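Spelled out, the chains give:
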Amino acid sequence: MSTTENQIAKTIFPKGDLASSDYFTGKAWVKMLVSNDPVLNTAVGNVVFEAGARNNWHTHPGGQILIVTQGKGFYQEEGKPIQLLQEGDVVNIQPEVKHWHGASPDGEFAHIAISTRTEKGIVDWLEPVTDEQYNSFKGLKV
């Protein structure tokens with residue numbers, strides 16, 4: 001099986017719609033799997049990042065859970081070192097923690113994003129992640 005066929009075989013959900021360049025550096029796609037549900041107070045989306053793409057710094061008033069489903073990527077909370085993410089990793093993000101996440105420079109990265117307690121709000125977008133901040137991964141074994 002070729003690399004392209006492997007990538008297609010690993011795709012569980014469609015890529016969805018191109019994410020706004022107001023909130024992402026590089027290309028990313030979002031497919032909502034569960035629109036904000038007012039009873040469960042939860043929204044669930046599949047996010048696919050092209051190599052090197054990342055979202056802006058942001059917070060979630062009710063918190064968020066990320067479940068990595070494909071590739072390698074990064075997660076960083078403000079004031080903390082960048083972390084490598086790989087398939088199967090789960091990140092629990094507490095309410096109002098300023099952070100960003102995105103793909104490594106080597107390939108696509110995908111995760112399921114679960115926004116919790118959405119009655120408090122879903123996301124507050126902040127400034128873009130600088131190249132210097134993104135490139136702090138170079139100290140990691142990728």
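Structure first, text after, so check above.
Numbering of residues starts from 1 in each chain and follows the order in which that chain's sequence is written. Given that this is a predicted model, residues contribute local features only at a pLDDT of at least 70 and side-chain atom pairs are listed and counted only at 80 or more, while totals for whole chains, interfaces and linings are drawn from all residues. Values shown for side chains rest on all heavy atoms present in the structure; no hydrogens or waters enter the calculation.

Draft legend 1. Expanded view of unusual backbone geometry. A positive phi angle, close to 55°, is found at asparagine 41, a residue other than glycine. The way it works is that DSSP assigns letters per residue, a run of H or I at least four long becomes a helix, a run of E at least two long becomes a strand, and they are numbered from the N terminus. Within the secondary structure, asparagine 41 sits in the loop between strand S3 (28–37) and strand S4 (42–49). A 1.4 Å probe rolled over the protein chains alone gives each residue an accessible area, and that area as a share of the maximum for its type sets the label: buried under 20%, exposed over 50%, partly exposed in between. What makes asparagine 41 partly exposed here is its relative accessible area of 23%. Positive phi, normally seen in glycine, also occurs at glutamate 96, with a value near 65°. Secondary-structure assignment places glutamate 96 in the loop between strand S10 (90–93) and strand S11 (99–103).

Draft legend 2. A look at the environment of aspartate 22. Inspection of the secondary structure puts aspartate 22 in the loop between strand S1 (17–18) and strand S2 (24–25). Here aspartate 22 falls in the exposed class, since its relative accessible area comes to 57%. Considered as a pair, aspartate 22 and isoleucine 67 are 45 residues apart in the sequence and their alpha carbons are 24 Å apart.

Draft legend 3. Quick peek at the side chain of threonine 118. Looking at where threonine 118 falls in the secondary structure, it is placed in the loop between strand S12 (109–116) and strand S13 (124–125). Judged by its relative accessible area of 6%, threonine 118 falls in the buried class.

Draft legend 4. Local environment of the packing of aromatic side chains. When two rings of Phe, Tyr or Trp (its six-membered ring) have centres within 6.5 Å they constitute a pair, described as stacked for plane angles under 30 degrees, edge-to-face for angles over 60, and tilted for the intermediate range. This model, assessed by the stated rule, comprises eight aromatic pairs. Between tryptophan 100 and tyrosine 134, the aromatic rings sit 6.0 Å apart at their centres with planes inclined by 45°, giving tilted as the arrangement. Placement of tryptophan 100 in strand S11 and of tyrosine 134 in helix H2 (residues 131–134) is noted, with a sequence separation of 34 residues between them. On the accessibility criterion, tyrosine 134 (5% relative accessible area) is buried. Aromatic side chains tyrosine 134 and phenylalanine 137 sit 5.6 Å apart centroid to centroid with 65° between the ring planes, which places their arrangement in the edge-to-face category. Exposure class is identical for tyrosine 134 and phenylalanine 137. Each is buried. Grouped by ring-pair contacts, the aromatic residues Tyr23, Phe24, Phe49, Phe109 and Trp125 constitute a single cluster. Sitting over the face of the ring of tryptophan 29, lysine 15 holds its NZ or CZ atom 3.9 Å from the ring centroid. Between the NZ or CZ atom of lysine 98 and the centre of the ring of tryptophan 57, over which it lies, the distance is 5.6 Å. In this scheme, Lys NZ or Arg CZ marks a charge over a ring once it lies within 6 Å of the ring centre and within 35 degrees of the ring normal.

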